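Residue-level listing of the chains:
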Amino acid sequence: MSGKYNKLEQIYEGKAKKVFRTNINGIYIVEYKDAITAGNGAKAGVITGKGIVNNRITNRLMRLLEEQGVPTHFIEELSDTETAVRQLEIVPLEVIVRNIAAGSLAARLGLAEGTKLRSTVLEYCYKNDALGDPMVNEYHIAAMGWASEIELKTIADYSFKINKILGKHLQSAGIELIDFKLEFGRMNDGAIILADEISPDTCRFWDTKTGEKLDKDRFRRDLGGVEDAYREVMNRLLGQD
Ligand code: TMP
């Protein structure tokens, strides 16, 4: 780990990550775990090497987004599984971006998985494990004060922009971006920036040619080959073995 940041006490442990305070005000360290869960914790396991892969994929994609004008919490990769990030107040929403029908959208609307959507779909869920992250709309968000109208407009604009940037980049690696989940945070000055991770845990990635699933659906649906699929995405994006 870089000598610049000393990891102090753990302030949060989620299903796939831990977050630590550091000696530097305004900077946290995120540590990615090998633990994997699905169905809000109903199914759990360990995928060896997942922490490394998700840390590296996320950081590669966060850098790409920064280069193209999307502000993110990424500061510096400190080790295989640890990254320094900006401290922020998380907006309690999961933003889901969909290009092709799959997962819960396919089930809800009775669509075959793989049905192309005429335009990109944005969905919001309230981040609350006890409630199972219920889907909400702009009116709920305003009524509950989770984000202002201006903040939500910024979040939506960034989400569409991120979709364009990631879709194009992944396409060049032979990966179709089916759908994904984003989280945003608020800096002290009120600026909205991208937070959390962008990895096979939080996206659906299908091989462009074969349609093979290269994401967490392999775990959710007991398809096997989870570790290999995650590594394949990393190799294609980072060009490493
Ligand atoms: P869904 O089809 O299950 O609603 O998922 C849509 C996308 O969002 C998929 O790429 C997985 C991702 N996602 C998360 O990362 N975390 C979540 O809690 C949920 C519900 C979805």
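The paragraphs below set out a description of the structure included in this document. None of these values were measured; they are calculated from a predicted model.

Although it is not a glycine, N40 adopts a positive phi angle of roughly 55 degrees. Using a relative accessible area of 41% as the deciding quantity, one classes N40 as partly exposed. Backbone geometry places D222, a non-glycine residue, at a positive phi of 55 degrees. Here D222 shows up in the loop between α5 (217–220) and α6 (226–238).

With respect to spatial proximity, 15 residues lie near the ligand, and among them R98, S104, D179, K181 and R204 are the closest. One of the side-chain nitrogen or oxygen atoms of E94 is found 3.2 Å away from an oxygen atom of the ligand. A distance of 2.8 Å separates an oxygen atom of the ligand from a polar side-chain atom of R98. When the ligand is considered free in solution it has 450 Å² of accessible area, and contact with the protein chains removes 78% of it.

With that settled, the discussion passes to the nonpolar core. Core analysis: the biggest nonpolar cluster contains 48 residues, and I162, L166 and F184 have the highest contact counts within it. The element best represented in this core is helix α4 (residues 149–171), accounting for eight residues. Contact partners of L166, with chain neighbours within four places excluded, come to L61, L64, L65, L177, F180 and I198. Listed in part, the six residues of the second largest apolar core include Y5, F20, I27 and A84.

Here we come to the packing of aromatic side chains. If you walk through the whole model with that rule in mind, you get one aromatic pair. Between Y126 and W146, the aromatic rings sit 4.1 Å apart at their centres with planes inclined by 15 degrees, giving stacked as the arrangement. With Y126 in strand β10 (residues 116–126) and W146 in the loop between α3 (138–144) and α4, this residue pair connects regions lying 20 residues apart in the sequence. As far as the burial class goes, Y126 and W146 line up, both buried. Sitting over the ring of F20, K7 keeps its end group 4.3 Å from the ring centre. The positively charged end of K43 is found above the aromatic ring belonging to F219, 4.9 Å away from the centroid.

So, about the sheet that holds strand β3 (residues 27–32). A sheet is described by the order of its strands in space; here five strands give the open sequence β1-β2-β3-β7-β6, paired in antiparallel fashion. Every interior strand has two partners, whereas the edge strands, β1 (7–13) and β6 (74–77), have only one. Across the sheet, the mean angle from the axis of one strand to that of its neighbour is 30 degrees, orientation sign disregarded. Where β6 lies against strand β7 (residues 82–86), three bridges are found, and the strand directions are antiparallel. Among the inter-strand pairings, F74 is bridged to a residue of β7, identified as V85. Against the sheet, helix α1 (residues 50–67) contacts β3, β6 and β7, and its axis sits at roughly 135 degrees relative to β6.

Conventions used here
Residues numbered from 1 in each chain as written. Predicted model: local features only at pLDDT ≥ 70, side-chain atom pairs only at ≥ 80, totals over all residues. Heavy atoms only, no water. Buried < 20%, exposed > 50% of the residue type's maximum accessible area, 1.4 Å probe, protein only. Helix = DSSP H or I, 4+ residues; strand = E, 2+ residues; numbered from the N terminus. Near = heavy atom within 4 Å. Polar contact = N/O pair within 3.5 Å; in protein donor to acceptor, adjacent residues only side chain to side chain. Areas by Shrake-Rupley, 256 points an atom, 1.4 Å probe, with all protein chains shown as cover. Core = buried A, V, L, I, M, F, W, Y, C linked by side-chain atoms within 4.5 Å. Contact = heavy atoms within 4.5 Å. Phe/Tyr/Trp six-rings, centres within 6.5 Å; stacked < 30°, edge-to-face > 60°. Lys NZ or Arg CZ within 6 Å of the ring centre and 35° of its normal. Pairing = 2+ DSSP bridges. Axes fitted to C-alpha atoms, helices over the stretch in contact; angles between N-to-C directions.

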